[in-house]
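For reference, the chains in residue letters:
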Amino acid sequence: MKAALVWNDELLSYDFGEGHPLRSERCKWGVEEISKIEGLDVIPPRYASEDEIALVHTNEYIEMVRKGLAGDLDTPVSPSLFNPARLSVGATLKGIDLLREGYSLAINVCGGWHHAFENKARGFCIFNDVAIGAKYAQKKGFPKIFIIDWDVHHGDGTQRIFKKDNSVFTMSIHQHPSTQYPYFSGYERENDPTNLNVPILPSEDEQEIMKKVLPLIPRFVEPFKPNLMIVQMGVDGYKGDPMSGIDLSERFYDAVSKTVSRCAKNNDFPVILLGGGGFNFPKTAQLWALIVENFMMEM
Ligand SMILES: [Zn+2]
């Protein structure tokens, strides 16, 4: 199988500055760990065009990001972040180009910005590359897209963008929103034929969580018959992460990545992995590498 890491050091410019939890050193360490895995091509990203960003975002919003008028306290968007945000989306699109060209697996650690709305920067996310990636992939000949998001925070922007679109399935496994950001969405009552929320309470035992979550993956992926899968591989549910209140271990990330990658192999579709959350350095890097390694072994 052919696998590629989309990366160059320019992506380090997606950084909210000192004192903010989202620092680009997490990507640097992630790339260092992932680069130790044999058989990965490293391919530089490209910039997403404004037309590509407008597959999801409004033109007014894109203009506000350019001028640095779009952020809030959590997500301070200065004008100098416009190009880094465009590049991080372009890294996801480059990954999809590679899947079109015959790669089975692509990775963009500087991606997975699942909280961004079509008109709003939120939760450290400026442009929603998960959703832009899905729309772009459809234009490139992958009509049905399955998005699985195991970041500890609900993939609320992505869910909202595809709420009325049955060609994209959105599945999110996350800490129960009654106890965690984004609080107002991520509940089971929002489920519909192409949206599945699997909230986890901090009191749940890891073995029980895996028993509940893992069988759902083939059960929902297989009947949907996707042509391509986007994985938001956030690892901020790991015990001790400063941005969450659940205590998952390596076992969970090992099992979920094996389950998803076997499902991809059995059903013969390519996968792009997007970094997502993970604020416990350098553990984030080690967990991302574990996930990538499993995909390379199983697919
Ligand atoms: Zn997160």
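Cut-off values and rules
Residues numbered from 1 in each chain as written. Predicted model: local features only at pLDDT ≥ 70, side-chain atom pairs only at ≥ 80, totals over all residues. Axes fitted to C-alpha atoms, helices over the stretch in contact; angles between N-to-C directions. Helix = DSSP H or I, 4+ residues; strand = E, 2+ residues; numbered from the N terminus. Left-handed = near helix turned anticlockwise from the far one by under 90°. Contact = placed C-beta atoms within 7 Å. Buried ≥ 20, exposed ≤ 12 C-beta atoms within 10 Å, placed from the backbone. Expected span 1.5 Å × (residues − 1).

**Some details on the packing of helix α4 (residues 82–100) against helix α5 (residues 129–139)**
Part 1: At a closest axis distance of 9 Å, the pairing of α4 and α5 adopts a crossing angle of 35°. Considering the relative orientation of α4 and α5, their crossing is right-handed. Two secondary-structure elements touch here, α4 through S88, V89, T92, L93 and I96 and α5 through D129, I132, G133, Y136 and A137.

**Topic: unusual backbone geometry**
Part 1: In this chain, Y181 is followed by P182 through a cis amide linkage whose omega measures 10°.
Part 2: Relative to the helices and strands, P182 resides in the loop between β5 (168–175) and β6 (195–200).
Part 3: Cis geometry is adopted by the peptide bond preceding P282, which originates at F281 and carries an omega value of -5°.
Part 4: Looking at the element boundaries, P282 is found in the loop between β8 (271–274) and α10 (283–298).
Part 5: At K225, a residue that is not glycine, the phi angle is positive and equals roughly 50°.
Part 6: Tracing the sequence through the fold places K225 in the loop between α8 (216–224) and β7 (228–232).
Part 7: Taking the C-beta count within 10 Å as the criterion, K225 has 11 such neighbours and is therefore assigned exposed.
Part 8: The backbone phi angle of D268 is positive, close to 60°, even though this residue is not glycine.
Part 9: The residue D268 is located in the loop between α9 (250–267) and β8 in this model.

**Some details on the environment of G112**
Part 1: Tracing the backbone through its elements, the reader meets G112 in the loop between β3 (105–108) and α5.
Part 2: In this structure G112 comes out as buried when scored by C-beta crowding, with 29 C-beta atoms within 10 Å.

**A closer look at α9**
Part 1: Taking 1.5 Å per residue, 18 residues should reach 26 Å; α9 reaches 26 Å between its end C-alpha atoms and fits that length.
Part 2: For α9, the set of buried residues is F252, Y253, V256, S257, T259, V260, S261, C263 and A264.
Part 3: Along its buried surface, α9 packs onto β4 (145–149), α7 (206–213), α8, β7, β8 and α10.

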